[in-house]
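Notes for the structure review
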Protein chains: 2
Amino acid sequence: MATDNASAPESGYVQPEIDVRALAEVLDGGYAGIRDLVRTNLVTHSSVLDEADELGVDAFRERVREIVVAMAATGQTGMGFPAEYGGGGDVGASIAAFETLAFGDLSVLVKTGVQFGLFGGAILHLGTERHHDAHLPDLIAGRLMGCFAMTETGHGSNVQALGTVARYDAATREFVLTTPDEAARKDYIGNAARHAELAVVFAQLEVGGTSRGVHAFVVPVRVGGETAPGVRIEDDGRKMGLNGVDNGRIRFDGVRVPREALLNRFADVTPEGVYTSPIDNPDRRFFTMLGTLVQGRVSVGGAGVNVAKVALAIAVKYAVRRRQFAAAPGTEERLLLDYGLHQRRLLPLLARTYALHFAQDVVRAQLHEVFSGTEDDPRARRRLESRAAGTKALGTWHATRTVQECREACGGAGYLAVNRFAALKADSDVFTTFEGDNHVLLQLVAKGLLTDHASEFEDLDQLGVVRYVAGLAVETVMERTSAHKLLERVRDLLPGGDEWDREAGLLDPEYQLAMLRYREEHMLAGAARRLKHGIDRKQDPGAVFSQVQDHVIALARAHVERLVLEAFVEKVRALPEGGNKDALGLLCDLFALSTIEADRAWFMEHGRLTVQRSKAITREVNDLCRKVRPLAVDLVDAWRVPPEMLRAPDLVG
Amino acid sequence: MATDNASAPESGYVQPEIDVRALAEVLDGGYAGIRDLVRTNLVTHSSVLDEADELGVDAFRERVREIVVAMAATGQTGMGFPAEYGGGGDVGASIAAFETLAFGDLSVLVKTGVQFGLFGGAILHLGTERHHDAHLPDLIAGRLMGCFAMTETGHGSNVQALGTVARYDAATREFVLTTPDEAARKDYIGNAARHAELAVVFAQLEVGGTSRGVHAFVVPVRVGGETAPGVRIEDDGRKMGLNGVDNGRIRFDGVRVPREALLNRFADVTPEGVYTSPIDNPDRRFFTMLGTLVQGRVSVGGAGVNVAKVALAIAVKYAVRRRQFAAAPGTEERLLLDYGLHQRRLLPLLARTYALHFAQDVVRAQLHEVFSGTEDDPRARRRLESRAAGTKALGTWHATRTVQECREACGGAGYLAVNRFAALKADSDVFTTFEGDNHVLLQLVAKGLLTDHASEFEDLDQLGVVRYVAGLAVETVMERTSAHKLLERVRDLLPGGDEWDREAGLLDPEYQLAMLRYREEHMLAGAARRLKHGIDRKQDPGAVFSQVQDHVIALARAHVERLVLEAFVEKVRALPEGGNKDALGLLCDLFALSTIEADRAWFMEHGRLTVQRSKAITREVNDLCRKVRPLAVDLVDAWRVPPEMLRAPDLVG
């Protein structure tokens, strides 16, 4: 183990020592109590990891339901609901609980998300007192299971164009729900195939012949265990993973529900058939409704980060145990983690996992503030929605990538179902798709940046964005994004003014932040310029948007990475002096520099990295990997993934 | 569909039209007959794609065995064996058959590979007439099932260090096989858990108290369906995928086999207990034995490419069918493949799939020549082994990456088991590990380059490589790799001598090839210099190797990508003028430029790309994506994946 560490000691460098317990406290933050409750519950039900392999689909679905209900009884899953209905009244804690649950079986996680986040969240945020009184106590306790019927076969990303219709019949004071065609059937709906009694159904509301856009309705889909009349339910069948969740399809053949079934927080229909809403603009109304459901994205992003932790904990522990190949005849074979390449494969992912963890702390806190009303204004909501979209995309892609790399790093043993990766990989794969396709989410983030959140988030189509940007003089855009000002500021940040290329600055967080800020601002101005240029040439807005789309996505990614680095840097700065601060400092440098390294072509292309400095960054990343290597086991231990959840007997014993 | 294509027409550019049938003939090449037989067999047994979901593990294993035996009866799986034993006598055809089989269920593929490639191949290549006479007819017909017991729990990559022992007992003229400890149990062995009667067991041979290194023995592991005495077999249980293959563990407790059980092509033991071998050096002997099994790597690499084809065929067909989001209110939603980002996600992968297909043609032809004896000398063998290792690594990583991107590009529907991705992803995941871990394989490729194949391929440990390189003056290495000469040559290739940066050259294949050649040669010289530098500083060889490892792997990758581009360029040049040549020309440009783009930081760092030219390459890649977009469906149709194999009713109808 000491071979590499000893090979390149710098004068004056002292390897930090980690206080694992104290670091674990930093990571759990203000939610240690609820996280420990979840850890205890996970261990109590740890047999589910085996049962996922052993039971058939039907039995496994029942088992997962049982566990979800059992966990509900401990208070774990109801943290986000008001205390008067039996909830915990703590939105942040509900997210922390969900994140921690991602250490365990992911069917349990997703069923929990469907029941309490999507279904319960819709009742809570879109409904009013009558719905709360009628449903919250039962659903919080898990006595009433429900589903969230938004996605249709034909529309997953563009849900404003859903096909299901809810027509108001003033004569009977009922809504009539209809599935007009196959594309409009509800699809992939969790809890639909077996367990849901109620569905929150999103449908195009028609009142008096006028279409009012998408609204949500509470619709019984099962009565006494039987499918309700007029409802047709189909099982989506086996999936790549998450087979403890009963996803299904729902069609409505003229299903009638009373007027009170409309979740009427943002719009209502009088008995006589008059449509009313406090929000005039239909787009704005729709996205206001959607915006209340942002917790789903915050939850899934955090879950993705914790999935990555489980994979890394296994791979790192395996790599300090497994030996392969001796350097020379007669010598002992070397530990995998002493190979430079193995360090390169795992340790930047470890650093990024820490970075995303601290970024998740920020978005969770913003969610808590907005939904607890301590800071709830339109601007804060838009900021939250943008941030949630971005961290969800980066967190879930990180999970996919990390699970894959860790599986490969554990070789053939990683392929056996008994060792956790098979489940981790199959179950987490869809995280990049559900709660918003990641590319679509990054596009939303970019739209917000391009329009400076000038209008409601999400409510501009491609033409709208192109028009908006085209309507600004490029000078205005440039001024607003202030690329040249930023460059000045960046230079000011560095000691010696224009000494941008000083070698000494690589490990200066201000330098690292300046690099990511510059990239973001430059990309923003560039995307705006390109959009305007296309319009000036009278091109079709769709074509303009299509051609600029890769810039737009790159911009969003750059934005989110900047937010992530800021969160990490701030966290490290706030720590008391000592080994933990030093260790996290190394990790933060590794995250920052490996992020810059990954995009170093862009920085060179835009004059922000010389060739020499670019190479120096690569050397520094290698050096940081060697410094982090002896800390790796402590760093994964500090996540406190319960050992039972690692469940990889061939890999970690 | 025409939106984007119409948006940026170049003067003089004519969109090529593809003759799909003629292109399919180019792709099937000289093996159309056997490939069509496999396609027919796949369609005959297409129900296996459903059965993989529906049957339990035990029933599915039996079903897969049945299909393998049924396919054997058509002659499909015996192509690589001599005609006198009932085989087809055509090594190249046996690889082509295996590649094509990868369009279908991958348990069938892998069980075929285990039985006929690994087990049958070992009997054929390591055994002599007595083994051939005794076993080939039965195993070719599928009457005798066998397994290939090399990997152990403790040693997968470093198989020279296996723990199983075979001691010669001269008194009884038998070998005694023993598993000394848990790490030495055979593990992940396909066919072991249920079906194998015979095993080819790799064990450390001891004769008269002297260890002679790893040799292979034919050992009965089941007799009349019962586990043979002294043999203990354990089931590896469920895996992430490939659950139609019965992988297991085998231990030997003093199992006795007759002297004739030694596969004695390269070494023998006389009845009296005298060890003889035509190859003196034990390392060389071991790697000569391993080298005869190179067909496994060639097969798996080609299978990976065809797995990618299935995924891309589904994703491309879905993307010209699925619409989402309208550019402006009241207009039709746009097709996914008309989005610039979607083109960027799928079309470079499509281009790379074509490139790897043609590179596979080359390695398959080399294998055929070596094993048909038309060109079989040590140098040709080493060239083949290096190439097989490299294309296996790139082909299987390409499969993993492509399946993942295509699944995400098909959204939630891509996650349902009924739509092929679940199986493709789970089944192909281990391709990057078996038949040699990809990183280990690339290391072998690099070792060959660094030592100029000075000694037997694979037989230098880290110290050996470091010593070898250190033994050369750096000037010698530099001279041999001729970085400066290459640069001159590269410049000569471009019109106008030193006009390296001419915009016009981007689509010149000579320019593209020169870039990849320069990168490879420069990396080779750099890795050698770094190794020597470490030794000069008296560092531990293991540490030196560890620190240079990322350069070494990058070198190998650069080498293989250069080979792949050469294969593609040569293929395009050889085509007759017409639409197909033009279309493949676009695709070859897209592969070359997206490959350079992906590593453009390196090219800038090493003075081979200006900032302006780097940006121009990115623009050109985007432009090529737009030009390939209208050809995409024809390009995937030309692969002739049987429609039944797409099996994605929600995605491609």
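Residues numbered from 1 in each chain as written. Chains lettered and ligands numbered in written order. Predicted model: local features only at pLDDT ≥ 70, side-chain atom pairs only at ≥ 80, totals over all residues. Heavy atoms only, no water.

Some thoughts on the overall build of chain A
Summing up its helical and strand segments, chain A has 25 helices and 14 strands in all. In summary, chain A has a C-alpha radius of gyration of 26 Å against a globular reference of 26 Å for 653 residues, a match within 12%. Judged by the C-alpha coordinates and their principal axes, chain A covers about 85 × 60 × 40 Å. Out of the 653 residues in chain A, the part that is buried amounts to 64%. Residue pairs at least 24 apart in sequence account for 76% of intrachain contacts in chain A once pairs closer than 6 positions are excluded. Working note: accessible area of chain A is about 21,900 Å², and carbon and sulfur atoms make up 51% of it. Charged side chains in chain A number 76 positive and 90 negative. The centres of these two groups are separated by 3 Å. (Helix = DSSP H or I, 4+ residues; strand = E, 2+ residues; numbered from the N terminus. Rg over C-alpha atoms; globule rule 2.2 N^0.38 Å. Buried < 20%, exposed > 50% of the residue type's maximum accessible area, 1.4 Å probe, protein only. Contact = heavy atoms within 4.5 Å. Areas by Shrake-Rupley, 256 points an atom, 1.4 Å probe, with all protein chains shown as cover. Lys, Arg positive; Asp, Glu negative; His and termini not counted. Charge placed at Lys NZ, Arg CZ, Asp CG, Glu CD.)

A look at the pattern of salt bridges
Under the definition given, this model contains 98 salt bridges over all chains. Note that Arg364 of chain B is salt-bridged to Glu99 of chain B, the shortest N-O span being 3.1 Å. One end of the pair, Arg364 of chain B, is in helix α11 (residues 340-371); the other, Glu99 of chain B, is in helix α6 (residues 91-101), and 265 residues separate them in sequence. Judged by relative accessible area, Arg364 of chain B falls into the buried class, the value being 4%. Two residues, Glu510 of chain B and Arg573 of chain B, come together in a salt bridge whose shortest N-O distance is 2.9 Å. Note that Glu510 of chain B is positioned in helix α18 (residues 509-536) and Arg573 of chain B in helix α19 (residues 541-574), a separation of 63 residues in sequence. Looking at Glu510 of chain B, the relative accessible area reads 22%, which means it is partly exposed. On the basis of relative accessibility, which here comes to 44%, the residue Arg573 of chain B falls in the partly exposed class. A single salt-bridge network, built from bridges that share partners, covers Asp28, Arg35, Asp36, Arg39, Glu99, Asp361, Arg364 and Arg640 of chain A. (Salt bridge = Lys/Arg side-chain N within 4 Å of Asp/Glu carboxyl O.)

What about the interface of chain B and chain A?
Between chain B and chain A, the contact holds 87 residues from the first and 87 residues from the second. Across the interface of chain B and chain A, roughly 6,900 Å² is buried in total on both sides, 52% from carbon and sulfur atoms. Sorting the residues of chain B by area buried against chain A places Met240, Tyr415 and Glu605 of chain B first, and these three jointly supply 12% of that buried surface. Inspection of the region where chain B meets chain A yields eight salt bridges. Arg249 of chain B is the salt-bridge partner of Asp650 of chain A, the closest N and O atoms lying 3.5 Å from each other. Viewed at the interface, chain A and chain B are joined by 58 residue pairs in polar contact (both at pLDDT 80 or more). When residues of the side of chain B that touches chain A are assigned to their parent elements, the largest contribution, seven residues, is made by α19 of chain B. (Buried area = accessible area lost by both parts, 1.4 Å probe. Polar contact = N/O pair within 3.5 Å; in protein donor to acceptor, adjacent residues only side chain to side chain.)

Describing the state of the cysteines
Residue and element names in this part refer to chain A. This structure, assessed with the given rule, holds zero disulfides over all chains. Left without a disulfide partner, Cys625 is nearest to the cysteine sulfur of Cys406, which lies 14 Å away. Relative accessible area serves as the criterion here: at 1%, Cys625 is assigned to the buried category. (Disulfide = S-S within 2.5 Å.)

Regarding the nonpolar core
With 348 residues, the main nonpolar core has Tyr354 of chain A together with Tyr354 of chain B as its most contacted residues. Contact partners of Tyr354 of chain B, with chain neighbours within four places excluded, come to Leu23, Leu27, Phe568, Leu584, Leu587, Leu635, Ala638 and Trp639 of chain B. (Core = buried A, V, L, I, M, F, W, Y, C linked by side-chain atoms within 4.5 Å.)

Focus: unusual backbone geometry
Residue and element names in this part refer to chain A. Non-glycine residue Arg173 carries a positive phi angle of around 55°. Mapping Arg173 onto the fold places it in the loop between β2 (165-169) and β3 (174-178). Overall, the relative accessible area of 46% leaves Arg173 in the partly exposed class.

Describing the relation of the copies chain B and chain A
In screw terms, the move from chain B to chain A is a rotation of 180° and a rise of 0.0 Å along the axis, fitting with an RMSD of 0.0 Å. Here the transformation between the copies is reduced to the relation of a two-fold axis. For chain B, the smallest separation between a C-alpha atom and the rotation axis is recorded for Ala601 of chain B, amounting to 2.1 Å. Most of the interface of chain B is mirrored in chain A: 100% of its interface residues are interface residues there too. (Least-squares fit on C-alpha atoms with pLDDT ≥ 70 in both.)

Observations regarding the side chain of Thr595 of chain B
When you line up the elements, Thr595 of chain B lands in helix α20 (residues 579-598). Setting aside chain neighbours within four positions, we find Thr595 of chain B in contact with Arg352, Leu516, Arg519 and Glu561 of chain B.

Side note on the UniProt feature "domain: Acyl-CoA oxidase/dehydrogenase middle" (unreviewed entry) in chain A
Summarizing the sequence annotation, UniProt attributes the feature "domain: Acyl-CoA oxidase/dehydrogenase middle" (unreviewed entry) to residues 147-255 of chain A in the numbering used throughout. For the annotated span residues 147-255 of chain A, helix accounts for 0% and strand for 50% of the residues, and the straight-line distance between the end C-alpha atoms is 17 Å. (UniProt positions renumbered as here; feature names shortened; annotations may be inferred.)

Overview of helix α13 (residues 421-428) of chain A
Since one α-helical turn is 3.6 residues long, residues separated by three or four positions face the same way. By the criterion of burial, α13 of chain A is predominantly enclosed, with seven of the eight residues buried. Burial in α13 of chain A covers these residues: Phe421, Ala422, Leu424, Lys425, Ala426, Asp427 and Ser428 of chain A. Looking at the buried positions of α13 of chain A, the neighbouring elements they touch are α7 (106-126), α10 (295-319), α12 (378-409) and α25 (649-652) of chain A together with α13 (421-428) of chain B.

Quick look at the environment of Ile535 of chain B
All names here are of chain B. Its place among the elements puts Ile535 in helix α18. Using a relative accessible area of 24% as the deciding quantity, one classes Ile535 as partly exposed. Through-space distance from the C-alpha of Ile535 to that of Val466 is 7.5 Å; in sequence the pair is 69 residues apart.

What to know about the UniProt feature "domain: Acyl-CoA oxidase C-alpha1" (unreviewed entry) in chain A
With numbering aligned to this structure, UniProt lists the feature "domain: Acyl-CoA oxidase C-alpha1" (unreviewed entry) at residues 291-450 of chain A. When the span residues 291-450 of chain A is considered, its composition is 69% helix and 4% strand, and the gap between its end C-alpha atoms is 19 Å.

Structural notes on the pairing of strand β2 (residues 165-169) of chain B
The side chains of a regular strand alternate between both faces of the sheet. Residues and elements named next belong to chain B. In terms of burial, β2 is a largely internal element, four of the five residues being buried. Of the strand pairs in this sheet, β2 and strand β3 (residues 174-178) are connected by five bridges, and their pairing is antiparallel. Looking at β3, one finds that Ala166 is bridged to Leu177. Examined bridge by bridge, β2 and strand β5 (residues 198-207) share three bridges and lie parallel to one another. (Pairing = 2+ DSSP bridges.)

Some words on helix α2 (residues 20-28) of chain A
Residue and element names in this part refer to chain A. Every buried residue of α2 is accounted for by Leu23, Ala24, Leu27 and Asp28. On an axial view of α2, the arc spanned by its buried residues comes to 135°, and they lie on one face. On the buried face of α2, the contacting elements are α3 (32-44), α11 (340-371), α20 (579-598) and α23 (632-637). Where α2 starts, the residue carrying a side-chain oxygen 3.2 Å from the main-chain nitrogen of Arg21 turns out to be Asp19. (Arc of directions from axis to C-beta.)

Description of the packing of aromatic side chains
All names here are of chain A. Throughout the structure, instances matching the rule amount to 22 aromatic pairs over all chains. On the numbers, 6.5 Å between centres and 40° between planes, the contact of Phe568 with Phe591 is tilted. Residue Phe568 is located in helix α19 (residues 541-574), and its partner Phe591 is located in helix α20; the two are separated by 23 residues in the primary sequence. Accessibility expressed as a relative area gives 2% for Phe591, which makes it buried. Aromatic side chains Trp602 and Phe603 sit 5.3 Å apart centroid to centroid with 90° between the ring planes, which places their arrangement in the edge-to-face category. Summarising the burial analysis for this pair, Trp602 and Phe603 share the class buried. Each member of the aromatic cluster is reached from another via a ring pair, and the members are Tyr354, Phe358, Phe568, Phe591 and Trp639. In this arrangement the basic side chain of Lys627 is found over the ring face of Tyr13, its NZ or CZ atom lying 4.4 Å from the centre. (Phe/Tyr/Trp six-rings, centres within 6.5 Å; stacked < 30°, edge-to-face > 60°. Lys NZ or Arg CZ within 6 Å of the ring centre and 35° of its normal.)

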